[in-house]
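Coordinate analysis (summary)
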Amino acid sequence: MTDLFSKFDPLIAERQALLDTGVRDPFAIVMEKVHSPTLATIQGRETILLGTYNYMGMTFDPDVIEAGKRALDEYGSGTTGSRVLNGTYQGHTECEEALKEFYGTKYAMVFSTGYQANLGLMSTIAGKEDYIVLDADSHASIYDGCALGNAQIVRFRHNDVEDLDKRLGRLPAEGGRLVVLEGVYSMLGDIAPLKEMVAVAKKHGAMIVVDEAHGMGFFGENGRGVFEEAGVEADIDFVVGTFSKSVGTVGGFIVSNHPKFEVLRLVCRPYVFTASLPPSVVATAATSIRKLMHAGDKRAHLWENSRRLHKGLRDLGFNIATREAESAIIAILLPDQNATVRMWQALIEQGVYVNMARPPATPAGMYLLRCSLCAEHTSEQVSQILDMFATAGRATGCID
Amino acid sequence: MTDRDETFAKVAALIEPFNKKGAELNEATTFAGDLEWDSLIVMDFVASVEDEFDIMITMNQQAEIENVGQLVNAVEELRNDG
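Residues numbered from 1 in each chain as written. Chains lettered and ligands numbered in written order. Predicted model: local features only at pLDDT ≥ 70, side-chain atom pairs only at ≥ 80, totals over all residues.

With that settled, the discussion passes to the interface of chain B and chain A. In this assembly, 6 residues from chain B lie in contact with 9 residues from chain A. For the side of chain B that touches chain A, the secondary-structure elements that each account for two or more residues are α2 (39-53) and α3 (59-64) of chain B. For the side of chain B that touches chain A, a count of residues per class yields 4 nonpolar, 2 polar and no charged. (Contact = placed C-beta atoms within 7 Å. Helix = DSSP H or I, 4+ residues; strand = E, 2+ residues; numbered from the N terminus. Nonpolar A, V, L, I, M, F, W, Y, C, P; charged D, E, K, R; others polar.)

All names here are of chain B. At their nearest, the axes of helix α1 (residues 3-15) and helix α4 (residues 68-81) sit 10 Å apart, and the two run at 120° to each other. On the basis of their axis angle, the class for α1 and α4 is oblique. The two elements α1 and α4 meet at a crossing, and its hand is right-handed. Contacts from R4, T7, F8 and V11 of α1 reach α4 at V68, L71, V72, V75 and E76. (Axes fitted to C-alpha atoms, helices over the stretch in contact; angles between N-to-C directions. Parallel < 35°, antiparallel > 145°, perpendicular 65-115°, else oblique. Left-handed = near helix turned anticlockwise from the far one by under 90°.)

Okay, the nonpolar core next. Counting 118 residues, the largest nonpolar core has A:I132, A:V133, A:L194 and A:I208 as the members making the most contacts within it. Taken domain by domain, the makeup of this core includes at least three residues from each of domain 1 (11-49 + 296-396) and domain 2 (61-292) of chain A. Excluding residues that lie within four positions of it along the chain, A:L194 makes contacts with A:L181, A:G183, A:V210, A:V226, A:F227, A:A230 and A:V232. The next biggest cluster of nonpolar side chains, apart from the first, holds 7 residues, and it includes B:V11, B:V68, B:L71 and B:V72. (Core = buried A, V, L, I, M, F, W, Y, C linked by C-beta atoms within 7 Å. Buried ≥ 20, exposed ≤ 12 C-beta atoms within 10 Å, placed from the backbone. Domains from an automatic or database assignment.)

All names here are of chain A. Reading across the sheet, the 4 strands line up as β1-β2-β3-β14 and stay open at both edges, with mixed pairing between neighbours. Either end of the sheet is taken by a strand with one partner, and the two such strands are β1 (33-36) and β14 (352-353). The pairing of strand β2 (residues 39-42) with strand β3 (residues 45-49) spans 4 bridges and is antiparallel. Paired with L39 across the strands is I48, a residue of β3. (Pairing = 2+ DSSP bridges.)

All names here are of chain A. Its domain assignment divides chain A into domain 1 (11-49 + 296-396) and domain 2 (61-292). When each unit is reduced to the centre of its C-alpha atoms, the spacing between domain 1 and domain 2 is 27 Å. Taken together, the contact between domain 1 and domain 2 spans 16 residues of the former and 12 residues of the latter. Secondary structure elements with two or more residues in the side of domain 1 that touches domain 2: α12 (296-316) and β13 (329-334).

In structure tokens form, the structure reads like this:
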């Protein structure tokens, strides 16, 4: 009889061959202690965190921590129930109120993760006769949501306005249309030309969802995301987001002004058939979201850090995925898996943690070292990071 | 040449630039197995087929298409629908 695991043999062999060269496993890092949004102890060594998506550094904010502790005391450690049964506490509705205020929308719905928010929306909103038109570089949660539902799925080339226009133009007149966009694409850190894409989607009568997982907190006047900065708020039907990046905890959400939005609470399976977030989590999220409304100084420092790291790495001779810093993600392109792992290891030994990304998570078979900056990185830390990249890059031959 | 033969010839010509292995092309040639295409090549190739015939092949339809013959059939069907 076939061993069900035999399909994974090629992956197991590839991984073993890599580890046999003596490198540390980039996917098995343990944070032994976490000292702040930017510092942790990894294998006994104090390490600067440069790959955590903790953009606004809210994880150790005293008000956020206090709100979480209070909720633990007052409401206990968990809800043990679905949002539609016994799992909606005062804190969940307060968190949704905070989101409505942050986004200036009529409705907000909190999911247990950002992944589930996309899973729920994609699988539910478009039926068998409808079309979902998505960017080829869309996040796995968007693809998985499409796979869970019954809609007809059409892809367009990444960030290609003309291709989107062409594909929408070929759709039959019958059936609904949903265009799925992301503000920031997390692998390369590039942003979408939302003004142009939204205009094309509207021209073809499509509804539009924008995922702002990596844009919330520091794009636009109110930190709502790339869609706010692009000035297209009025044309967006749904914004999907997460609490696990700028907000600094875990959870996901959808906000909207559609008058029938609330019905999604009854029909979204990834909302109904799972336990709701613990009271402490929604309390920390709500507090953090309210503080993010007035975080202008932090935003400015995050942008300064991002631009400085981008320029510094470029000057050192690294190949970066975007010409300028378009977001707080700076992705370094490396030629192959071997060079990428060696560089990653040299960095962790120097004392800086970055993300390694490889196919199939990356577009076009790329090998990447992804850096994500934090508003709490000091200017001095950015200097240290650049020094460590210089040393590691020269030691591994990735730069001259 | 029948319409189907013509479609086959056009599809074969579109496969050529992506046929790095120089695999032999016939009705039974598979995209994943014989041509060893990954999902990114598939996307570029499908886009070129869509443009050539001015049709749309959804990802749902693509999932059902494993070999060249099935693709030619799908193209024929989609052209007739349009």
